[in-house]
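Observations on chain architecture
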Amino acid sequence: MGDEMMLAGKPKSQFYKLPFEKSTRILRLNVLESHTELRAGNRPYYMVERKSLSFKKGVLTMRVKLENEPPVKVYLKVEYDHLLVSCNIDTDENYLGRYAYRTLRAMLWNEFHDFQQYYWPECFNDATRRPRYLEVIYDRYGVDIRLKKEFKGFFRPDDYFVHISQRKVFDRKYVNDGLATLNQEYLIGYCLANTDAVRFHSNHYSFLIPYSFTLNADNKTVKSFTGFILEEDDSFEQSELSVNQTELNSICYEMKKIARIQFREYGDSDERSDEIDDINFSNKRKVFELFNKALPMLSREPFTHYLFTYGMRNIQKRPMKKDMQVARFSGDVPRLNFLLSDKGDYYELKLRFKVGGKVQLFCEDRIAMFFICSSSNPTVLYLLECETDSRVVLFFSRKNFKIQIPKGYYKEHFEPYVDEIKKQYELEIK
């Protein structure tokens, strides 16, 4: 008993245990009420005053006051597959007391509650009781728990990890050295239109748009952009374009037709939702194939740019010069590379990429679905090897390209993901 973990001044074994829904931290109302004969009436949340006081050693301490009764303290500890609950009045390992029940019943106002925000295993120093990876902020509203900035990629058991499927790599044509000759009378360039694929309802996959422009006196820089060429344009006869531009334009128009992402509507059936998902995934693969086809021609064009569109609806006839960023498209193949490092209390899995055998770090401000660039030279864009790589990069980009996994549960809950990575990518261990 002397070595048993103490939580809120009592042995952990003396907390009452309530099981979560499988592979979640969700407690359901029917589960709660199956553990007690107590009931809270028709409006259980209106008669309970709750305030979070502290979050120490993974234990949330709450001040709870029932109507016309003095306040008590209720303690909650979230474990992998169950919730531990206790109280400074009555609850123990065999009995779910009235205060603990009424507190949980008030939290389950929608017949369930997800306790994931309080699940931080292996995060507290046993000696100091201070959180290793968290910031715990106390204010008049209660307790706010957030990851420290440097641990944005912290992984907890059962957190989502990108599914790394079998990679389908397309053959890539050889890219000729040198740029195509510029036609001074009919100036056409190409822009990579990119946006965040999950935030707006006019979103799209990255695609190419031809544009017309005028030159400065140096004949090397753009003076002004006169317009996007969104459809077949009568002002440019076929004979006015190079063979390279004619073929590229054809690919651009084909991309634009399938670039828009379809969204589910309220009331859509499961069948309709599945159909939309299938259409989007099919179009995404087709767009990637078109980029693979276009790259040898695109890399030869002397004027190319990058544009963050904020959604398809913002693509107008004439681009804003301040939004168009100079970009070059390289024919070199970037290969994803993972580095697994021992950081003492935790392991860190970092995503990088290699070009010509040289390790590059990502430029976080210009991730464009199928294209990446390095922090050392963000104007040069590289087309990824396959569509699977684009999903891996997108996932890691939201975690500053590195994931931290405490050693206490690495082997059981994360090592299988590392084994999958080794099958598809280069993994270095440090």
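Structural notes, computed from the coordinates. Per-chain numbering applies: the sequence of each chain, read as written, is numbered from 1 onward. Given that this is a predicted model, residues contribute local features only at a pLDDT of at least 70 and side-chain atom pairs are listed and counted only at 80 or more, while totals for whole chains, interfaces and linings are drawn from all residues. Note that the side-chain values use all heavy atoms of the structure and ignore hydrogens as well as water.

1. Some remarks on the packing of helix α3 (residues 243–259) against helix α4 (residues 270–298)
Lines fitted to the C-alpha atoms define the axes, with helices restricted to the stretch that makes contact. Angles between their N-to-C directions range from 0 to 180 degrees. Where helices and strands are cited, they refer to DSSP runs of H or I of at least four residues and of E of at least two residues respectively, numbered from the N terminus. Two elements in contact, α3 and α4, have axes separated by 10 Å at closest approach and are oriented at 165°. In this view, α3 runs roughly antiparallel relative to α4, as classed from their interaxial angle. For α3 against α4, the interelement crossing comes out left-handed. Only Asn283, Lys286, Val287, Leu290, Phe291, Lys293, Ala294, Met297 and Leu298 of α4 make contact with α3, whose side of the interface consists of Asn244, Glu247, Leu248, Ile251, Glu254, Met255 and Ile258. Side-chain classes follow a simple rule in which Ala, Val, Leu, Ile, Met, Phe, Trp, Tyr, Cys and Pro form the nonpolar group, Asp, Glu, Lys and Arg form the charged group, and the remainder, Gly included, forms the polar group. Among the residues making up the contact of α3 with α4, the classes are represented as ten nonpolar, two polar and four charged. Angles below 35 degrees are treated as roughly parallel, those above 145 as roughly antiparallel, those between 65 and 115 as roughly perpendicular, and all remaining angles as oblique. For any helix crossing, the convention is left-handed if the near helix is rotated counterclockwise from the far helix by under a right angle, and right-handed if that rotation is clockwise. By definition in these notes, contact holds between two residues if any of their heavy atoms fall within 4.5 Å.

2. Some remarks on the packing of α4 against helix α5 (residues 387–397)
Viewed as axis vectors pointing N to C, α4 and α5 meet at an angle of 105°, and their least axial separation amounts to 10 Å. In this view, α4 runs roughly perpendicular relative to α5, as classed from their interaxial angle. From α4, Phe281, Lys284, Arg285 and Phe288 reach across to α5, where they touch Glu387, Ser390 and Arg391. Of the residues belonging to the contact of α4 with α5, the class tally is two nonpolar, one polar and four charged.

3. Brief notes about the packing of aromatic side chains
Between 30 and 60 degrees the pair is tilted, below 30 it is stacked and above 60 it is edge-to-face, where a pair is any two Phe, Tyr or Trp rings, Trp via its six-membered ring, whose centres lie within 6.5 Å. Under the definition given, this model contains 33 aromatic pairs. Here the aromatic residues Phe155, Tyr160, Phe161, Phe338, Tyr347, Phe395, Phe396, Tyr410, Phe414, Tyr417 and Tyr425 are joined through ring pairs into a cluster of three or more. Lysine NZ or arginine CZ positioned within 6 Å of the ring centre and within 35 degrees of the ring normal marks a charge as sitting over the ring. One Lys or Arg, Arg98, reaches over the ring of Tyr99 and ends 4.9 Å from the middle of that ring. Here the basic side chain of Arg156 rests over the ring of Trp120, its NZ or CZ set 4.1 Å away from the ring centre.

4. Describing the pattern of salt bridges
Pairing is possible between side chains that carry opposite charge, provided their charged atoms lie close to one another. For this analysis, a salt bridge means a side-chain nitrogen from Lys or Arg found within 4 Å of a carboxyl oxygen belonging to Asp or Glu. This model, assessed by the stated rule, comprises 26 salt bridges. Lys354 is the partner of Glu426 in a salt bridge, and the nearest nitrogen-oxygen pair spans 3.3 Å. Remark: Lys354 occurs in strand β19 (residues 346–355) and Glu426 occurs in strand β24 (residues 426–429); sequence separation between them is 72 residues. According to the relative accessible area criterion, Lys354 is buried, its value standing at 17%. The network of salt bridges with shared partners includes Arg167, Arg335, Glu385 and Asp389. Partly exposed describes any residue whose relative accessible area lies between the buried limit of under 20% and the exposed limit of over 50%, with all areas from a 1.4 Å probe on protein chains only and scaled to the type maximum.

5. A short note on the nonpolar core
Working definition of a nonpolar core: buried Ala, Val, Leu, Ile, Met, Phe, Trp, Tyr and Cys residues. They are joined through side-chain atoms within 4.5 Å. By size, the foremost hydrophobic cluster in this structure holds 72 residues, and its most contacted members are Leu76, Phe115, Phe161, Leu349 and Phe396. Here this core takes six residues from helix α2 (residues 98–107), the largest share from any one element. Counting residues in each nonpolar core, the second largest holds 52 residues, with Phe207, Phe225, Leu298 and Leu383 among its members.

6. Details of the environment of Lys256
As for its placement among the helices and strands, Lys256 is situated in helix α3. The class for Lys256 is partly exposed, based on a relative accessible area of 26%. Once the C-alpha coordinates of Lys256 and Ile315 are considered, the two residues, 59 residues apart in sequence, prove to be 11 Å apart. In contact with Lys256, not counting residues within four places along its chain, are Phe207, Leu230 and Glu231.

7. A few points about unusual backbone geometry
Notably, Asp158 is not glycine yet its phi reads approximately 75°, a positive angle. Inspection of the secondary structure assignment puts Asp158 in the loop between β11 (142–147) and β12 (188–194). Look at Phe401: it is not a glycine, yet its phi comes out positive at around 65°. Within the element layout of this structure, Phe401 appears in the loop between α5 and β23 (402–406).

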